[in-house]
Amino acid sequence: CSSDLQKIKARPNFQPSRSEIGPDIVSRFKTQQQELIDHMNCTKDVDLNNTIITSPVLSIVTYSLLYGYKIIVAHGQRHVAQAKRVTEREGFPGS
C-alpha cells in the first residue's frame, strides 16, 4: 500500500523545480507513464533479476533491473497519492 511508504528527502538534484503546475499536468503524467510502460515492455525478454543497473542517485549503488522497476513504480504511486491529497484539500482548486 502506498500509505506504508516511508518519506525520504530527495537529494538536491532530484528535488522538483519550484514552478507553476500547468493545467496539462495530468495529461503529461499519463503520457510519461505510458512511455515508461512502453520501455518496460521492451525488456520483456530480459532477465530482470540478473540485469544489474547503477543507481542514478548514488553511483556506488547497484541493483537488479527488476528492483529498479519496483522503485520507479513506487515513486509513481507516491506522486499519485500526493496529487490525491492536494485535490482533497479545502479550497482546491485555488487561485
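In this text the structure is predicted, and so the values were computed from the model without any measurement.

## Section: the side chain of Thr43
Then, number 1: Tracing the sequence through the fold places Thr43 in the loop between helix H1 (25–41) and strand E1 (52–54).
Then, number 2: Residues contacting Thr43, with those up to four places away along its chain left out, are Leu48, Leu65 and Tyr69.

## As for the packing of aromatic side chains
Then, number 1: A full pass over the atoms with the stated rule returns one aromatic pair.
Then, number 2: Between the aromatic rings of Tyr63 and Tyr67, the centroid separation amounts to 5.7 Å while the plane-to-plane angle is 70°, which identifies the pairing as edge-to-face.
Then, number 3: Given the relative accessible area of 47%, Tyr67 is considered partly exposed.

## Points about a nonpolar patch on the surface
Then, number 1: Taken together, the side chains of Val57, Leu58, Ile60 and Val61 present a nonpolar region at the surface, about 340 Å² in accessible area.
Then, number 2: Within the fold, Val61 resides in the loop between E1 and strand E2 (62–64).

## With respect to the side chain of Ser64
Then, number 1: Checked against the element boundaries, Ser64 lands in strand E2.
Then, number 2: A polar side-chain atom of Ser64 sits 3.0 Å from the main-chain amide nitrogen of Tyr67.
Then, number 3: Setting aside its immediate chain neighbours within four residues, Ser64 contacts Leu48, Asn49, Thr51, Ile52 and Ile53.

## A word on the environment of Ala83
Then, number 1: Mapped onto the elements of the fold, Ala83 is located in helix H2 (residues 65–87).
Then, number 2: In this structure, the C-alpha to C-alpha distance between Ala83 and Val26, residues 57 residues apart in sequence, is 9.5 Å.

## With respect to H2
Residues separated by three or four positions in an α-helix point in the same direction, a consequence of the helix having 3.6 residues per turn.
Then, number 1: Between its first and last C-alpha, H2 extends 33 Å over 23 residues, near the 33 Å set by a 1.5 Å rise per residue.
Then, number 2: In the core, the buried residues of H2 are packed alongside H1, E1 and E2.

## Description of the packing of H1 against H2
Then, number 1: At a minimum axis separation of 12 Å, H1 and H2 run at an interaxial angle of 165°. Classified by the interaxial angle, the pair formed by H1 and H2 is roughly antiparallel. With respect to the hand of their crossing, H1 and H2 are arranged in left-handed fashion. Residues Phe29, Leu36, His39 and Met40 of H1 form the contact with H2, whose participating residues are Tyr69, Ile72, Val73, Gly76, His79 and Val80.
Then, number 2: Among the residues forming the contact of H1 with H2, the class breakdown is seven nonpolar, three polar and no charged.

What counts as what
- Residues numbered from 1 in each chain as written.
- Predicted model: local features only at pLDDT ≥ 70, side-chain atom pairs only at ≥ 80, totals over all residues.
- Heavy atoms only, no water.
- Helix = DSSP H or I, 4+ residues; strand = E, 2+ residues; numbered from the N terminus.
- Contact = heavy atoms within 4.5 Å.
- Phe/Tyr/Trp six-rings, centres within 6.5 Å; stacked < 30°, edge-to-face > 60°.
- Buried < 20%, exposed > 50% of the residue type's maximum accessible area, 1.4 Å probe, protein only.
- Patch = residues over 30% accessible without salt bridge, like charges linked within 9 Å, V, L, I, M, F, W, Y side chains within 5 Å.
- Areas by Shrake-Rupley, 256 points an atom, 1.4 Å probe, with all protein chains shown as cover.
- Salt bridge = Lys/Arg side-chain N within 4 Å of Asp/Glu carboxyl O.
- Polar contact = N/O pair within 3.5 Å; in protein donor to acceptor, adjacent residues only side chain to side chain.
- Expected span 1.5 Å × (residues − 1).
- Axes fitted to C-alpha atoms, helices over the stretch in contact; angles between N-to-C directions.
- Parallel < 35°, antiparallel > 145°, perpendicular 65-115°, else oblique.
- Left-handed = near helix turned anticlockwise from the far one by under 90°.
- Nonpolar A, V, L, I, M, F, W, Y, C, P; charged D, E, K, R; others polar.

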